[in-house]
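Notes for the structure review
The lines below spell out each chain.
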Amino acid sequence: MLFVSNRVSGVGQVVATLCALLIGGGCQTGAGQTASIAHQRRVASAPQRPAFDGEAAMELLRAQCAFGPRVPGTEAHRRTRAWMVAELEKYAEKVEVQDFSYRGLSLSNVIAWFNQKASRRVLLCAHWDSRPMADMEILPLKRRQPILGANDGASGVAVLLQLAKAFHAQAPPVGVMLVMLDGEDYGDFERDEGVFLGSRHFARMLPKAGRPAYGILLDMVGDKDLTIYREGNSEQRAGRINDQVFRVAGELGYRRYFPNNVRYTISDDHIAINDAGVPCIDLIDFDYAHWHTLDDTPDKCSAQSLRVVGETVAEVVYREGSR
């Protein structure tokens, strides 16, 4: 609602009204106005990003789920790995498979590179495995079954794979590492055993891979009722990146999906990456009733949610060209 005091009259009232209407009601003068204009010029000069196809991303989500639960050590896991590598090889300059093991279990991070020659690079990541137990089910017998992980795993990977197509169509102005992390959801979170395996291995290998300027982790970003708050550990350890991403989301008109306040503090794959010296945020919708249950299926996800997240992340990356 626009309110103009009746104590302001004539030219003053016109100026006040215009300032309120422009850029969310904030009237800037002097240095503030100059900085705003400079920011707008930098954004305008950034490479135009390709449109993000939410429906295509949704098909990529369904394709992952069609393999079945992607639990390490299973045939579905092996087939999904091969499929991801084949998909990324269509678009990336280079695809690397980072094999490692945990207690005799074979796992793999999959890394795709774009604009490798750039002096500055950013990291975009998600986990691709799904949980071997539905531990949030009410019935004990159901808890022993693996989850499909449509939102918890497949949604983040779907966004990254669709971004790979965009980066192939229009080279990003910065180097990009797309990383599909394995073994995030395998073990016991309360005892911190057998979880975040891929991110911890990736973090140990970062000096060899080359250190990104910052990272964005996507986890559970496909919920039909999408609401991504600023996550607590991200705010504390990579607040500047949170500011950047949530500002862009607001400018794209997605504030309803990205409320600009902290709600949850979550341990996730971004912790190991921050510990390795790369500020990394976690974009996660933790208001998801089907988390770690057998109901985490594609029908609980939407192309619209994937598009909102994909467009926001793409805009952040392509604006790197306006620095």
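See the structure printed just above.
Note that the structure is predicted; figures quoted are calculated from it, not measured.

Moving on to the pattern of salt bridges. Following the criterion strictly, the structure yields 18 salt bridges and no others. The salt bridge partner of R120 is E320, with a shortest N-O separation of 2.7 Å. Separated by 200 residues along the polypeptide, R120 in the loop between β2 (105-114) and β3 (121-127) and E320 in the segment after α10 (303-318) bring together distant segments of the chain. On the accessibility criterion, E320 (6% relative accessible area) is buried. Among the salt bridges present, the one from R307 reaches E311, with a minimum N-O distance of 3.2 Å. Placement of both R307 and E311 in helix α10 is noted, with a separation of 4 residues, approximately one turn of the helix. Judged by relative accessible area, E311 falls into the buried class, the value being 12%. Where salt bridges share partners, they join R49, E251, E315 and R319 into one cluster.

Taking 1.5 Å per residue, 20 residues should reach 28 Å; helix α8 (residues 232-251) reaches only 22 Å between its end C-alpha atoms and comes up short. Helix geometry: α8 is bent most strongly at A238, by close to 110 degrees. The complete set of buried residues in α8 reads G232, N233, S234, A238, G239, I241, N242, Q244, V245, F246, V248 and A249. By the N-cap criterion, in which a side-chain oxygen at the helix start approaches the backbone nitrogen of a residue two or three places on, α8 is capped by E231, the distance to N233 being 2.9 Å.

Right, let's get into the sheet that holds β3. Spatial ordering of the open sheet is given by β1-β2-β4-β3-β5-β6, a layout of 6 strands whose pairing is mixed. Of all the strands in the sheet, the pair left with one neighbour each is β1 (94-102) and β6 (280-284). Adjacent strand axes in the sheet meet at a mean angle of 20 degrees, parallel and antiparallel pairs treated alike. In terms of strand pairing, strand β5 (residues 215-219) meets β6 through 5 bridges, oriented parallel. Looking at the pairing, L218 lines up with L283 of β6. Sheet strands touched by α8: β5 and β6. Its angle to β6, the strand with the most contacts, is close to 70 degrees.

In this structure, N115 is a non-glycine residue whose phi angle is positive, near 50 degrees. With respect to the helices and strands, N115 occurs in the loop between β2 and β3. With a phi angle near 55 degrees, F196 is a residue other than glycine that sits in the positive phi range. Position of F196 among the secondary structure elements: in the loop between β4 (175-181) and α7 (197-209). Judged by its relative accessible area of 7%, F196 falls in the buried class.

Our next topic: the pairing of β6. Counting buried residues along β6, 5 of its 5 residues qualify, which places the element largely inside the surrounding structure. Alternating residues of β6 divide into C280, D282 and I284 and I281 and L283, and every residue in both groups is buried.

Quick reminder: α-helices carry 3.6 residues per turn. Residues three or four places apart thus point the same way. Between its terminal C-alpha atoms helix α4 (residues 75-89) stretches 21 Å, which fits the 21 Å expected from 15 residues at 1.5 Å a residue. On its buried side, α4 packs onto α3 (54-66), β1, β2, α6 (150-169) and β4.

In this sheet, β2 lies alongside β1 in antiparallel orientation, the contact comprising 9 bridges. Within the sheet, the bridge partner assigned to D99 lies in β2 and is S108. As consecutive antiparallel partners, β1 and β2 are separated by 2 residues, and within that stretch R103 has a phi angle of approximately 50 degrees, a positive value.

Cut-off values and rules
Residues numbered from 1 in each chain as written. Predicted model: local features only at pLDDT ≥ 70, side-chain atom pairs only at ≥ 80, totals over all residues. Heavy atoms only, no water. Salt bridge = Lys/Arg side-chain N within 4 Å of Asp/Glu carboxyl O. Helix = DSSP H or I, 4+ residues; strand = E, 2+ residues; numbered from the N terminus. Buried < 20%, exposed > 50% of the residue type's maximum accessible area, 1.4 Å probe, protein only. Expected span 1.5 Å × (residues − 1). Bend = angle between axes of the 7 residues up to and from the residue. Polar contact = N/O pair within 3.5 Å; in protein donor to acceptor, adjacent residues only side chain to side chain. Pairing = 2+ DSSP bridges. Axes fitted to C-alpha atoms, helices over the stretch in contact; angles between N-to-C directions. Contact = heavy atoms within 4.5 Å.

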